[in-house]
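A closer look at the structure
Listed below, chain by chain, are the residues.
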Amino acid sequence: MARVETELLKPYPEKRKRSHRGWTQGLENQTLLGYLLLFPIFIILIGLISFPFITTIAFSFQNKLVGVKESEWVGWDNYRELLHNPIFLKTVVNSFVYTLLGVGIKCAVGLTTATVLNQPIRFRNFFRALLFAPWAIPAVMTALNFRWIFDDMNGVLNLTLVRYFGRKEFIYFLSDPTIAMFSVIAVVVWQGTPFYSMNFLAGMQAVPAELYEAADIDGASSVQKFFYITIPSIRHVIAITVLLSTIWTANEVQFVYILTNGGPDYATQIFPNLALELFQGQHLLGRAAAVTLIFFPLFLIAITLLTRKMLRQTEL
Amino acid sequence: MEVVEKRFKSLGAALLTYLVLALLCVWTLGPLYWVLATSFKYDKEIYGAEATLVPREFTWKNYTTILFEKPFPNFFFNSVRIALVTTSASILFGTLGAYAFIYLRFPGQNLMARSMIVTYLIPPVLLAFPLFALFNKLDLIDSIYGLMLAHLTFTVPFCTWMLMSYFKTVPRELHEAALVDGCTRLGTLFRIIFPLSGPAIAVVTLFSFTLSWNEFLYAIMFTQNKWSQTITSGLSSLMVEDIFFWGQMMAGSVLASLPTVIIYFFFQRLMIKGLVVGAVKA
């Protein structure tokens, strides 16, 4: 009643702010709007990511089998068994070699490529598009392609070696335990280097020319300029790229799956593939989960560092 | 000679640069050439004594075989549908989410943004097994809808994050002026932010499509029959079965790479700029 009175007593009825906008004016509340807009993302984060992640952790402490509902909690048994399993230990070593060599070589070749593409060469844009091209090819296709290239009998490498270089025997790129890992890493490098090159080149192009000119005046050599100007200027780019790539490279399934499927006697088996094998072949869900989780603390460090850096970009 | 010396500090520097460039080009192009060459050869030039480095005869047989006698078209269209749906959903959710993170203030904002980036970085292999169990229960195995959901787990956070970076470049004054002029917050999203972020949304679309198209782990785990398999799980399953038909496999590989290569070919400048926006900020 009182409200009606004050309405009637006002000389001019106050136009309610945005009253003609209708229902959207209720969404002026930032909190309400924020939660509403983020609702789908929230569902995905909780239902499709967080919940499965917790479940993986739970599985790793059970002796769960694929397709079987019942399982019992076995504590650290899965992990304990893994640490005594020679196949798993081989996988650990392989994973480190695979990741460290893969990331290291990609970084080196990426720096080289970016440096070359940063020079005043003719048709630079054309060469840039060319050298970044592997990035556009699905990783699975690259793996298939190289599986054919490395083929024992008819692959182009062996073909050339036997016919034009006079080798008597084929080189078993993918089935010789001593070199299989390096063949796989070569493919990983071919596919993954453009990611490094792109980021590094963009970083290099953002370096102000005056720095180099000042160095020239002081008589610096190219090598000095590279190590004292270029590298320090792009150190954030290098950090982010390397961190991202490490997480991605270590967890890649495609290359090993298609090229060697774990390799001659587990010579190229890395842990995501081992987990997949335990899951698909032996139906050991609990143990597979344990395999994927054992390395997670390392990745968590990388993820934490990355999140901080990436959020800094958006200044939240 | 003169032109080279004007561009480079010395002849030596020029020679070195071009030499390294040549090596990198051979390294990059070699495999690509070989794939294309194999796909156009007759079997007799692919295997055995008559195998050639440069095809003497040219044939479309491998392509016709894989298109008409193998379930390849199935794979292709499954991948297309999954990528399109995933991308559309990601753009929608991503735009709304990025707007909320950048232009609004509400409790839990920082935590949520952090969580989103963290979850994007969680390796898919850690989520694969429970997702399999979940989809099994929901009868989404061997269904492209299962993969659509699975792909959302990485395309949505990625799109949101990328759009956040772009929204930051829209001057805040524009947004504030609109609010002062009586525009609703939702209105600013549709009338101001959306139209201005055309290129951003284009880039995000291309990336999201590419990410979904190339995805492998979820594809091989969640789709096992030839009606639901995608280009990645389908082609790799063909390899296990038909381990010697390399002509067809290469043809399939070329066809499967076409969408992403075409996208790259037309939009590479845009995409590369978008990709490094996140990694390189002045």
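In this numbering scheme, every chain counts its residues from 1 along its sequence in written order. Think of it this way: whatever chain is written first is A, whatever ligand is written first is 1, and the rest follow in order. In view of the model being predicted, local features appear only for residues whose pLDDT reaches at least 70, and side-chain atom pairs are presented and counted only at 80 or more, with totals across whole chains, interfaces and linings using the full set of residues.

Working definition: helices are DSSP H or I runs of at least four residues, strands are E runs of at least two. Numbering for both runs from the N terminus. When helices and strands are counted, chain A shows 15 helices and zero strands. Residues with at least 20 other C-beta atoms within 10 Å of their own are called buried, those with 12 or fewer are called exposed, and the rest are partly exposed. The C-beta atoms themselves are positioned from the backbone. By the burial criterion, 42% of the 316 residues in chain A qualify as buried. Here the contacts in chain A between residues at least 6 apart in sequence split such that 67% fall between residues at least 24 apart. The contact criterion used here is simple: two residues whose C-beta atoms, placed from the backbone, lie within 7 Å are in contact.

Time to look at helix α11 (residues 235-250) of chain A. Multiply 1.5 Å by the residue count of a helix minus one, and that product is the helix's expected span. Helix length check: α11 of chain A, at 16 residues, gives a terminal C-alpha distance of 22 Å against a target of 22 Å (1.5 Å per residue), a fit within 8%. Among all positions of α11 of chain A, only V237, I240, T241, L243, L244, S245, T249 and A250 of chain A are buried.

Let's shift gears to the packing of helix α4 (residues 86-117) of chain A against helix α2 (residues 11-39) of chain B. Where α4 of chain A meets α2 of chain B, the closest approach of the two axes is 10 Å, and the angle between their N-to-C directions is 125 degrees. It follows that α4 of chain A is oblique to α2 of chain B by the angle criterion. Between α4 of chain A and α2 of chain B lies a crossing whose hand is left-handed. Across the interface between the two elements, T112, T113 and V116 of chain A from α4 of chain A touch T17, V20, L21 and L24 of chain B from α2 of chain B. Side-chain classes follow a simple rule in which Ala, Val, Leu, Ile, Met, Phe, Trp, Tyr, Cys and Pro form the nonpolar group, Asp, Glu, Lys and Arg form the charged group, and the remainder, Gly included, forms the polar group. Grouping the constituent residues of the contact of α4 of chain A with α2 of chain B by class yields four nonpolar, three polar and no charged. Throughout, an axis means a line fitted to C-alpha atoms (over the contacting stretch in the case of helices), and angles, computed between N-to-C directions, take values from 0 to 180 degrees. Here is the rule for angles: anything less than 35 degrees is roughly parallel, anything more than 145 is roughly antiparallel, 65 through 115 is roughly perpendicular, and the remaining ranges are oblique. By convention, the crossing between two helices is left-handed when the near helix turns anticlockwise from the far helix through less than a right angle, and right-handed when the turn is clockwise.

Next up on the list: the environment of A83 of chain B. All names here are of chain B. Looking at the secondary structure, you find A83 in helix α5 (residues 72-103). What makes A83 buried here is the crowd of 26 C-beta atoms within 10 Å. In this structure, the C-alpha to C-alpha distance between A83 and F194, residues 111 residues apart in sequence, is 22 Å. Non-local contacts of A83, meaning those with residues more than four positions away in its chain, are made with F209, S212 and W213.

Now for the interface of chain A and chain B. Contact residues are listed per partner, giving 84 residues for chain A and 85 residues for chain B. Top contributing element to the side of chain A that touches chain B by residue count: helix α2 (residues 30-60) of chain A, with 19 residues. When its residues are assigned to classes, the side of chain A that touches chain B shows 58 nonpolar, 22 polar and four charged.

To continue, consider unusual backbone geometry. Excluding glycine, residues mostly carry a negative phi; peptide bonds, for their part, are mostly trans. Residues and elements named next belong to chain A. In this structure, N261 is a non-glycine residue whose phi angle is positive, near 50 degrees. Position of N261 relative to the elements: it lies in the loop between α12 (254-259) and α13 (271-280). Under the C-beta neighbour-count criterion, N261 is labelled partly exposed, with 14 such atoms within 10 Å. For D265, which is not a glycine, the phi torsion comes out positive at approximately 60 degrees. By the element assignment, D265 lies in the loop between α12 and α13.

One widely used convention gives an interface's size as the accessible area the parts lose upon coming together. All names here are of chain B. Segmentation of the chain into domains, including their bounds, is taken from an automatic or database domain assignment. Structurally, chain B comprises domain 1 (2-63) and domain 2 (65-279). Taking the mean C-alpha position of each, domain 1 and domain 2 sit 33 Å from one another. Contacts between domain 1 and domain 2 engage ten residues on the former and ten residues on the latter. Elements that contribute at least two residues to the side of domain 1 that touches domain 2 include exactly α2, α3 (43-46) and α4 (61-68). No other element matches α2, which puts four residues into the side of domain 1 that touches domain 2. Its residues placed into classes, the side of domain 1 that touches domain 2 shows four nonpolar, three polar and three charged.

Below, the discussion takes up the environment of L67 of chain B. Residues and elements named next belong to chain B. Position of L67 among the secondary structure elements: in helix α4. Residue L67 is classed as partly exposed on the basis of its C-beta count, with 16 C-beta atoms lying within 10 Å. As a C-alpha pair, L67 and R7 span 60 residues in sequence and 50 Å in three-dimensional space. Apart from residues lying up to four places away in sequence, L67 is in contact with F72 and P73.

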